[in-house]
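Observations on chain architecture
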Amino acid sequence: MKIAVCPGSFDPVTKGHLDIITRASRLFDRVIVLVVINAAKTPSFTAEERMQLICRVTEDLPNVEVQSYSGLLADYVRDVGAVAIVKGLRAVSDFEYEFQMALANKKLNPGADTLFLTTAAENMYLSSSIVKQIAQFGGDIADFVPAQIVEDVKRRLCP
Ligand code: PNS
């Protein structure tokens with residue numbers, strides 16, 4: 001069984017994330033969406049909330065599950081026996097940092113490769129931070145986050 005891990009902050013999950021998760025679910029037998037807890041960041045949603053939001057938007061993807069983790073991604077990937085880390089690549093600006101992480105993860109765990117899926121054109125500019133900024137100023141986020149969670153995101157972030 002080929003397992004992939006889709007790691008991220010997912011604060012909150014966006015349509016861009018969901019597109020990458022959905023495409024990964026077609027390429028691998030089992031996909032673990034991993035909410036990575038970064039103690040240095042103050043998220044808008046707790047790890048538990050972020051997991052629940054992802055569970056709701058992926059409930060029609062039977063080979064996708066959601067976990068959380070605070071530690072080295074390479075160690076988690078090894079522990080679950082995954083062969084790939086799947087990430088979305090939006091633009092050249094993403095590349096340098098993602099390339100650095102991919103090389104570091106390969107060094108730490110040579111048994112797994114990082115696979116970059118090019119983001120869908122309509123999600124090129126999309127990020128959780130952009131969604132949060134729009135929601136905080138009362139803007140319409142319906143195009144940016146999956147329909148099932150629009151109200152949850154608004155309730156948390158709208159003034
Ligand atoms: O959604 P994000 O915030 O861009 O995701 C970044 C994430 C969580 C994938 C990255 O920060 C990560 O892998 N963190 C886990 C800690 C780790 O392994 N750091 C070394 C990476 S080389």
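Look up a bit, the structure's there.
Predicted, not measured: the structure shown is a model, and the values here were computed from it.

Some details on the pairing of strand S3 (residues 64-69)
Relative to S3, strand S2 (residues 30-36) is paired through six bridges, and the arrangement is parallel. The partner of Val-33 across the bridge, within S3, is Val-66. On the question of chirality, the crossover connecting S2 to the parallel S3 by way of helix H2 (residues 47-57) is right-handed.

A short note on the pattern of salt bridges
Within this structure, the stated rule accounts for 10 salt bridges. Measuring nitrogen to oxygen at the nearest pair gives 3.1 Å for the salt bridge that ties Lys-87 to Glu-98. Placement of Lys-87 in strand S4 (residues 84-89) and of Glu-98 in helix H4 (residues 92-108) is noted, with a sequence separation of 11 residues between them. Like Glu-98, Lys-87 is buried. Residue Arg-90 pairs with Asp-94 through a salt bridge whose shortest N-O separation is 3.0 Å.

Focus on the side chain of Asn-123
With respect to the helices and strands, Asn-123 occurs in the loop between strand S5 (113-118) and helix H5 (128-136). Sequence-distant contacts of Asn-123, defined by excluding residues within four places in its chain, comprise Lys-15, Gly-16, Asp-19 and Arg-90.

Describing the site of the ligand
In the region of the ligand, the neighbouring residues are Pro-7, Gly-8, Ser-9, Val-36, Lys-41, Gly-71, Leu-72, Leu-73, Lys-87, Met-101, Ala-104 and Asn-105. In the model, an oxygen atom of the ligand is placed 2.6 Å from a nitrogen or oxygen of the Ser-9 side chain. The separation between an oxygen atom of the ligand and a polar main-chain atom of Leu-73 is 2.8 Å. Computed on the free molecule, the ligand has an accessible area of 550 Å², of which 71% lies beneath the protein chains in the complex. Most atoms of the ligand, that is more than half of them, are within 2 Å of grid points of the largest pocket.

Looking at the sheet that holds S4
The five strands are arranged S3-S2-S1-S4-S5 in an open sheet whose pairing can be described as parallel. Only two strands of the sheet have a single neighbouring strand rather than two, namely S3 and S5. Across this sheet, the average inter-strand angle for adjacent strands is 30°, counted without regard to direction. Where S4 meets S5, six bridges bridge the pair, whose relative direction is parallel. The residue of S5 that forms the bridge with Ile-85 is Thr-114. Relative to S2, H2 is tilted by about 150°, and along the sheet it contacts S2 and S3. Taken strand by strand, helix H3 (residues 73-80) contacts strand S1 (3-8), S2, S3 and S4, and its axis lies near 155° from that of S1.

Remarks on the layout of surface pockets
Estimated volume of the largest pocket: approximately 1300 Å³. Lining the largest pocket are 45 residues, with Pro-7, Gly-8, Ser-9, Lys-87 and Glu-98 positioned closest to its centre. Looking at the lining of the largest pocket, the elements with two or more residues in it are S1, helix H1 (15-27), H3, S4, H4 and H5. When residues in the lining of the largest pocket are grouped by element, the largest group, nine residues, is from H4. When its residues are assigned to classes, the lining of the largest pocket shows 20 nonpolar, 17 polar and eight charged.

Considerations on empty space enclosed by the protein
Within this structure, the stated rule accounts for one cavity of 30 Å³ or more. The calculated volume of the largest cavity comes to roughly 50 Å³. If you trace the largest cavity, you find it lined by Ala-74, Val-77, Ile-85, Ala-102, Asn-105, Lys-106, Asn-109, Ala-112, Asp-113 and Thr-114. Elements represented by at least two residues in the lining of the largest cavity include exactly H3, H4 and S5. Here the lining of the largest cavity gets three residues from one element, more than from any other, and that element is H4. Of the residues assigned to the lining of the largest cavity, the class counts are five nonpolar, three polar and two charged.

Parameters and conventions
Residues numbered from 1 in each chain as written. Predicted model: local features only at pLDDT ≥ 70, side-chain atom pairs only at ≥ 80, totals over all residues. Heavy atoms only, no water. Pairing = 2+ DSSP bridges. Helix = DSSP H or I, 4+ residues; strand = E, 2+ residues; numbered from the N terminus. Right-handed = clockwise from strand over helix to strand, strands pointing away. Salt bridge = Lys/Arg side-chain N within 4 Å of Asp/Glu carboxyl O. Buried < 20%, exposed > 50% of the residue type's maximum accessible area, 1.4 Å probe, protein only. Contact = heavy atoms within 4.5 Å. Near = heavy atom within 4 Å. Polar contact = N/O pair within 3.5 Å; in protein donor to acceptor, adjacent residues only side chain to side chain. Areas by Shrake-Rupley, 256 points an atom, 1.4 Å probe, with all protein chains shown as cover. 1 Å grid on protein atoms, 1.4 Å probe; cavity = no way out; pocket = protein on both sides within 12 Å on 5 of 7 lines; lining within 4 Å. Sits in = over half its atoms within 2 Å of the grid points. Axes fitted to C-alpha atoms, helices over the stretch in contact; angles between N-to-C directions. Points joined across faces, edges and corners; volume = space filled by probe spheres on them. Nonpolar A, V, L, I, M, F, W, Y, C, P; charged D, E, K, R; others polar.

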